[in-house]
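What the coordinates show
Below are the chains, spelled out letter by letter.
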Amino acid sequence: MNEVVNNGDTFYNEYANFIDKFGARPAGSIVLEEAIDHMINLTKSNGLETVTTEDVLCPHWVRGSETAMMIKPRMKPIAILGLGSSVGTPSGGIKAEVIVVRSFNELNEIKESNVEGKIVVFDAHYTSYGETVAYRVEGATKAAEKGAVASLIRSVTPFSLYTTHTGSQDYGNNVTKIPTAAITHEDADLLRRLQDRGITIVMSINMTSTLDYKTSRNTLIDLKGSEDREKLVIVSGHIDSWDVGQGAMDDGGGMFISWYAPIIINKLKLKPRRTLRAILWTSEEPGLVGAFEYLSRHVNELNNINFIMESDEGTFKPLGLDVSGSQNAVCIVAEVLKLFKPIDKLKVSSTVGSDITIFNSKGVPGASLLNKNERYFWYHHSNADTMDVQNKDDVVQCAAFLAAFSYVISDLTEDIPRY
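Worth saying up front: this structure is predicted, and the values here are computed from it rather than measured. (Residues numbered from 1 in each chain as written. Predicted model: local features only at pLDDT ≥ 70, side-chain atom pairs only at ≥ 80, totals over all residues. Heavy atoms only, no water.)

As for the overall build of the protein
Here is the rule we go by: Numbering of helices and strands runs from the N terminus, with a helix taken as a DSSP run of H or I at least four residues long and a strand as a DSSP run of E at least two residues long. Atoms considered for the radius of gyration are the C-alpha atoms alone. The globule rule reads 2.2 Å times the number of residues to the power 0.38. Type-normalised accessible area, obtained with a 1.4 Å probe on protein chains alone, sets the label of each residue: buried when under 20%, exposed when over 50%, and partly exposed for intermediate values. It only takes one pair of heavy atoms within 4.5 Å for two residues to be counted as in contact. Here the accessible surface of atoms and residues is derived via Shrake-Rupley with a 1.4 Å probe, and residues count as covered only by protein chains that are part of the display.
Of regular secondary structure, the protein possesses 11 helices and 14 strands. By the compact-globule yardstick of 22 Å for 419 residues, the protein fits well, its C-alpha radius of gyration being 23 Å. Seen through its C-alpha atoms, the protein measures out along the principal axes to roughly 70 × 40 × 40 Å. In the protein, which comprises 419 residues, the share counted as buried stands at 58%. In the protein, the share of contacts with a sequence separation of at least 24, taken over all contacts with a separation of at least 6, comes to 82%. Accessible surface computed for the protein: about 17000 Å², of which carbon and sulfur atoms make up 49%.

Okay, here's the thing in structure tokens:
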């Protein structure tokens, strides 16, 4: 038997080996399916045979070549990183004047005739991910509605060392699909300064990409309960990543510590009352595709989910949990957290996590791992998401905390109340 679960060193080394072996794991790619196979085999080699998969049809967007150049007022290469599902430029690329705006409101106040045929640059400074990500998701649509030929966004990050950050974006209905990409803070600042001085800016952009659909898989790993086997406590993280970086932080760490929970509890020969299920979500990055497929397949079984957890906001020093649920549910979680001092911070939100938000919205109580992740969005969706941002002791503590907490919740004598 593989002894990966025996101690923190072997667990962390197995995690690092996974990241080093597979690297980026884009939705729909062959390497993602190979990574899923690896986790299935790793599960079985560690003593759990109750692992199954469920097919998921997911978008398979492949980035091609991407270049940009400021032509006026001087020649300067501009680093760009296409946003997920972006169309390419026409053959020969796009050459157009640039208009820089700080917000959607500012764009709305500009006459359509002053935007038509131009490249819109959204210079929206980072406030929080929840607020600023709207420019990544909706920017191309808003610009296209005004007649722009392309859109660029200031990378959604609070910090930059000339780094570009990708992510999903959605074209609205009945709009022309225009190429869209992220640029660095440094170049966004430059373009802003030039425009503020009344200088005309002209850029050329060349982008290629392809989009089709492939079958991937959610991976379900069950440690069967000793009494209420049909009732579930779920721990989860997504196994896919963007095509830049290595997906070490987003979400290799969260996926691995979720996988670890049933593995180590089984290794310790513990049997919680309820079934503990780890789910390795597929195709989260293009829009929670795996989670929506699971919800569709299991919608009639939601009452059996006693509690659902996720780690998708880093595996830095663990602090506690962000909880969604009724007041009674929150009180129970707070009492359980007292067992884990000093990892006992409690935050309450209407929904938590990424994939599990859709379950929270259906009334399923749950929690997302809270950790000391102030720098998470420094690396998020960029080439900087590598093993170098991780700390072994922090990841091991996150794994131990999530496993122990999930065991206690799975073994409670009473279900977590919905109301």
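That was the structure; now back to the text.
Observations regarding the layout of surface pockets
Empty space left among the atoms is revealed by rolling a probe the size of a water molecule over them. The following threshold applies: A 1.4 Å probe that fits but cannot get out identifies a cavity on a 1 Å grid over protein atoms alone, an open set with protein on both sides within 12 Å along at least five of seven lines counts as a pocket, and a residue lines either if it has an atom within 4 Å of a point. Grid points are joined across faces, edges and corners, and a volume is the space filled by probe spheres set on the points. Classification used: nonpolar for Ala, Val, Leu, Ile, Met, Phe, Trp, Tyr, Cys and Pro, charged for Asp, Glu, Lys and Arg, polar for all others including Gly. For every domain, the bounds stem from an assignment made automatically or drawn from a database.
By volume, the largest pocket amounts to about 940 Å³. Tyr129, Glu313, Gly353, Ser354 and Phe377 are the residues nearest the centre of the largest pocket, which is lined by 34 residues in total. Listed by contribution, the elements that provide at least two residues to the lining of the largest pocket are helix H4 (129–145), strand E12 (318–324), strand E13 (345–348), strand E14 (366–371) and helix H10 (376–379). Considering each element in turn, the lining of the largest pocket owes the most residues, 5 residues, to H4. Its residues assigned to classes, the lining of the largest pocket comprises 11 nonpolar, 11 polar and 12 charged. Taken together, domain 1 (1–50 + 224–411) and domain 2 (63–209) each give at least three residues to the lining of the largest pocket, which thus spans both. When its volume is computed, the second largest pocket comes out at roughly 430 Å³.

A short note on the UniProt feature "domain: PA" (unreviewed entry) in the protein
Formally: UniProt positions are given in the numbering used here, feature names are shortened, and annotations may be inferred rather than shown by experiment.
UniProt tags residues 110–190 as "domain: PA" (unreviewed entry). The span residues 110–190 is 28% helical and 16% strand by assignment, and the distance between its end C-alpha atoms comes to 21 Å.

Some remarks on the packing of helix H6 (residues 248–267) against helix H11 (residues 392–410)
Put simply, the rule reads: The axes are straight lines fitted to the C-alpha atoms, using for helices just the contacting stretch, and the angles between their N-to-C directions are given from 0 to 180°. Any angle between 65 and 115 degrees counts as roughly perpendicular, while under 35 counts as roughly parallel, over 145 as roughly antiparallel, and the rest as oblique. In a left-handed crossing the near helix is turned counterclockwise from the far helix by less than a right angle, and in a right-handed crossing that turn is clockwise.
Between H6 and H11, the least distance of the axes is 8 Å, while the angle of their chain directions is 55 degrees. On the basis of their axis angle, the class for H6 and H11 is oblique. The way H6 lies across H11 gives a crossing that is right-handed. From H6, Ile257, Ser258, Tyr260, Ala261, Ile264 and Ile265 reach across to H11, where they touch Val395, Cys398, Ala399, Leu402, Ala403, Ser406 and Tyr407.

Points about the pattern of salt bridges
As a reminder, the rule being used: Throughout this description, the term salt bridge denotes a Lys or Arg side-chain nitrogen within 4 Å of a carboxyl oxygen of Asp or Glu.
Within this structure, the stated rule accounts for 22 salt bridges. For Arg63, the salt bridge identified is with Glu66, shortest N-O distance 2.9 Å. The burial state of Arg63 is the same as that of Glu66; both residues are buried. The partner of Arg102 in a salt bridge is Asp123, and the shortest N-O contact between them spans 3.5 Å.

Topic: the environment of Ile19
Looking at the element boundaries, Ile19 is found in helix H1 (residues 8–22). The exposure class assigned to Ile19 is buried, which follows from its relative accessible area of 1%. Taking the C-alpha atoms as reference points, Ile19 and Gln246, separated by 227 residues in sequence, lie 6.6 Å from one another. With near-sequence residues (within four places) excluded, Ile19 lies in contact with Arg25, Gln246, Gly247, Ala248, Gly252 and Met387.

Looking at the pairing of strand E1 (residues 51–72)
Applied cut-off: In this scheme, strands are said to pair when DSSP sees at least two bridges between them.
Examined bridge by bridge, E1 and strand E8 (residues 202–223) share 19 bridges and lie antiparallel to one another. The residue of E8 that forms the bridge with Thr67 is Asn206. When E1 meets strand E2 (residues 76–77), the two strands line up antiparallel, connected through 2 bridges. The residue of E2 that forms the bridge with Met69 is Pro77. In this structure, the hairpin formed by E1 and E2 is closed by a connection of 3 residues.

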